[in-house]
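So the chains spell out like this:
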Amino acid sequence: AKRSAPFGLCHISEEGFKEFDRYLDIKSKLEQAIEHDELSIVLQPQVTHDGTVSSFEALVRWYSKEFGPVSPGEFIPIAEESYAICEIGDIVLRKALNVISSFMKNGLNTSIAINISARQIVMPDFVNTLLSRVNQFGIPPNMLMLELTETALVVDIELVKETMLELAKFGFRFSIDDFGTGYSSLAYLKVLPISELKIDKYFVDDIGKDSDGKAAQIVDAIIEMARALNVSCIAEGVESEEQLNYLKAKGCEKFQGYYFSRPEPQAHWEGLQKNTKLP
Ligand code: C2E
Ligand code: CA
Ligand code: CA
Ligand code: CA
């Protein structure tokens, strides 16, 4: 049966209703997923010029008993509407610390980057939560890279700056994720304790592809900006040798993308040696 829109002026298509049903499904099952331990992490390597794995990014996964795999692109924005994102953040943090500790036992000093949402960074207990977690797992804070997007930075500039400076004192490091897609200015970035800029996949995608070379110019500008700020630079979404060679030639220092490896569960990386080279 066809449903009609509640208000005469607004037309909602059948497709629109389906999307809304899915949204409500995900929203209502997310809490249960958190309680029932349905969330896990996968790890994607970040490599240096010679292909050595220097770190990983932890990416959350939800294998739902009811829906099958749900992509973070779908459920993270929904989680960000409530404090669910903070619970997810803490789960990912604990799982990442667990991985670091097991790598360290195997003599590997690979740090892990985790994604921090805007809502998390402005939580009053954010600093204490992080500190108590690293203490609980006995992990030095500098083994964690906290990825923040430019959008998260500007939610409450003064508060975010204070929080970052406080965490930096303890040794936590910060990477600006999806760099180039937001609005942060050089002047503002200069006062923040940043150790890395991460070039968004969007720009990497177009290297060698776009006809007027605009993407490549933006990539060049970001690498220059990293230099000006005296921070390192990593590119995400590297899928081809051509992209890699371009980025290398421009002085980008680290790379992440399917060219080297997809994100894989911890078990996949257990046999990793200090000198393993990818791809
Ligand atoms: P992101 O932080 O920009 O993560 C990079 C995304 O690009 C990941 O998607 C990764 O699997 C994918 N990717 C990496 N290399 C390549 C490549 O070469 N080609 C292509 N096509 N894709 C590549 P994923 O895992 O689906 O995550 C999507 C987004 O969800 C992330 O984007 C991040 O914003 C969010 N997210 C994931 N895990 C977490 C988390 O634990 N906490 C928070 N707050 N957000 C998360
Ligand atoms: Ca990220
Ligand atoms: Ca990113
Ligand atoms: Ca991205």
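See the structure above.
Throughout what follows, the structure given in this document is the object of discussion. (Residues numbered from 1 in each chain as written. Chains lettered and ligands numbered in written order. Predicted model: local features only at pLDDT ≥ 70, side-chain atom pairs only at ≥ 80, totals over all residues. Heavy atoms only, no water.)

**Considering the site of ligand 1**
Near ligand 1 lie 21 residues; those nearest to it are Gln 44, Arg 61, Ser 117, Glu 239 and Tyr 258. In the model, an oxygen atom of ligand 1 is placed 3.4 Å from a nitrogen or oxygen of the Glu 236 side chain. A distance of 2.8 Å is found between an oxygen atom of ligand 1 and a backbone nitrogen or oxygen belonging to Tyr 258. Protein burial of ligand 1: of its 800 Å² of free accessible surface, 80% is covered by the chains. Listing elements by their share of the shell around ligand 1, those giving two or more residues are strand E2 (53-64), helix H2 (72-79), helix H3 (84-105) and strand E6 (173-179). The dominant element in the shell around ligand 1, judged by the number of residues it contributes, is E2, at 4 residues. Grouping the constituent residues of the shell around ligand 1 by class yields 9 nonpolar, 5 polar and 7 charged. (Near = heavy atom within 4 Å. Polar contact = N/O pair within 3.5 Å; in protein donor to acceptor, adjacent residues only side chain to side chain. Areas by Shrake-Rupley, 256 points an atom, 1.4 Å probe, with all protein chains shown as cover. Helix = DSSP H or I, 4+ residues; strand = E, 2+ residues; numbered from the N terminus. Nonpolar A, V, L, I, M, F, W, Y, C, P; charged D, E, K, R; others polar.)

**Side note on the coordination of the calcium ion (ligand 3)**
Taken together, Asp 177 (OD), Asp 178 (OD), Glu 236 (OE) and Glu 236 (OE) make up the protein donors of the calcium ion (ligand 3), found 2.0 to 3.0 Å from the metal. All donors to the calcium ion (ligand 3) come from one chain, and their sequence spacing reads D-D-x57-E. The metal-metal distance between the calcium ion (ligand 3) and the calcium ion (ligand 2) comes to 3.6 Å, with Asp 177 coordinating both. Here the residue Asp 177 occupies a position in strand E6, and Glu 236 occupies one in the loop between strand E8 (232-235) and helix H11 (241-250), the gap between them amounting to 59 residues. For Asp 177, a relative accessible area of 7% puts it in the buried group. (Donors = N, O, S within 2.8 Å, 3.2 Å for Na, K, Ca; no water. Buried < 20%, exposed > 50% of the residue type's maximum accessible area, 1.4 Å probe, protein only.)

**Brief notes about helix H7 (residues 157-170)**
Along an α-helix, residues three or four apart share an orientation, since each turn contains 3.6 residues. Counted at 1.5 Å a residue, the expected span for H7 with its 14 residues is 20 Å, and the 20 Å between its end C-alpha atoms agrees. All buried positions along H7 are accounted for by Val 160, Thr 163, Met 164 and Leu 167. One face of H7 carries all of its buried residues, which in axial projection span an arc of 100°. Exposed side of H7, more than 90 degrees from the buried face: Glu 162 and Lys 169 are the residues found there. Considering only its buried residues, H7 is in contact with helix H4 (118-121), helix H5 (126-137), strand E5 (144-149), helix H6 (150-153) and E6. Taken from the residues just after H7, Gly 171 is the one with a positive phi, measuring 110°. (Expected span 1.5 Å × (residues − 1). Arc of directions from axis to C-beta. Contact = heavy atoms within 4.5 Å.)

**With respect to a negative patch on the surface**
A surface patch of negative charge is lined by Asp 156, Glu 158, Glu 162 and Glu 166. Structurally, Glu 158 is set in helix H7. (Patch = residues over 30% accessible without salt bridge, like charges linked within 9 Å, V, L, I, M, F, W, Y side chains within 5 Å. Salt bridge = Lys/Arg side-chain N within 4 Å of Asp/Glu carboxyl O. Lys, Arg positive; Asp, Glu negative; His and termini not counted. Charge placed at Lys NZ, Arg CZ, Asp CG, Glu CD.)

**Some thoughts on the environment of Ala 215**
Of note, Ala 215 is situated in helix H10 (residues 214-229). Note on Ala 215: relative accessible area 6%, which makes it buried. Linking Ala 215 and Gly 107, residues 108 residues apart in sequence, is a C-alpha distance of 40 Å. Setting aside chain neighbours within four positions, we find Ala 215 in contact with Phe 203, Asp 206 and Asp 210.

**Observations regarding the packing of H5 against H7**
For the pair H5 and H7, interaxial distance at closest approach is 10 Å and the crossing angle is 20°. The angle between H5 and H7 places the two elements in the roughly parallel class. Along this stretch, H5 crosses H7, giving a crossing that reads as right-handed. For the pair H5 and H7, the contacting residues are Phe 126, Val 127, Leu 130 and Leu 131 in the first and Thr 163, Glu 166, Leu 167 and Phe 170 in the second. Looking at the contact of H5 with H7 residue by residue, the classes come out as 6 nonpolar, 1 polar and 1 charged. (Axes fitted to C-alpha atoms, helices over the stretch in contact; angles between N-to-C directions. Parallel < 35°, antiparallel > 145°, perpendicular 65-115°, else oblique. Left-handed = near helix turned anticlockwise from the far one by under 90°.)

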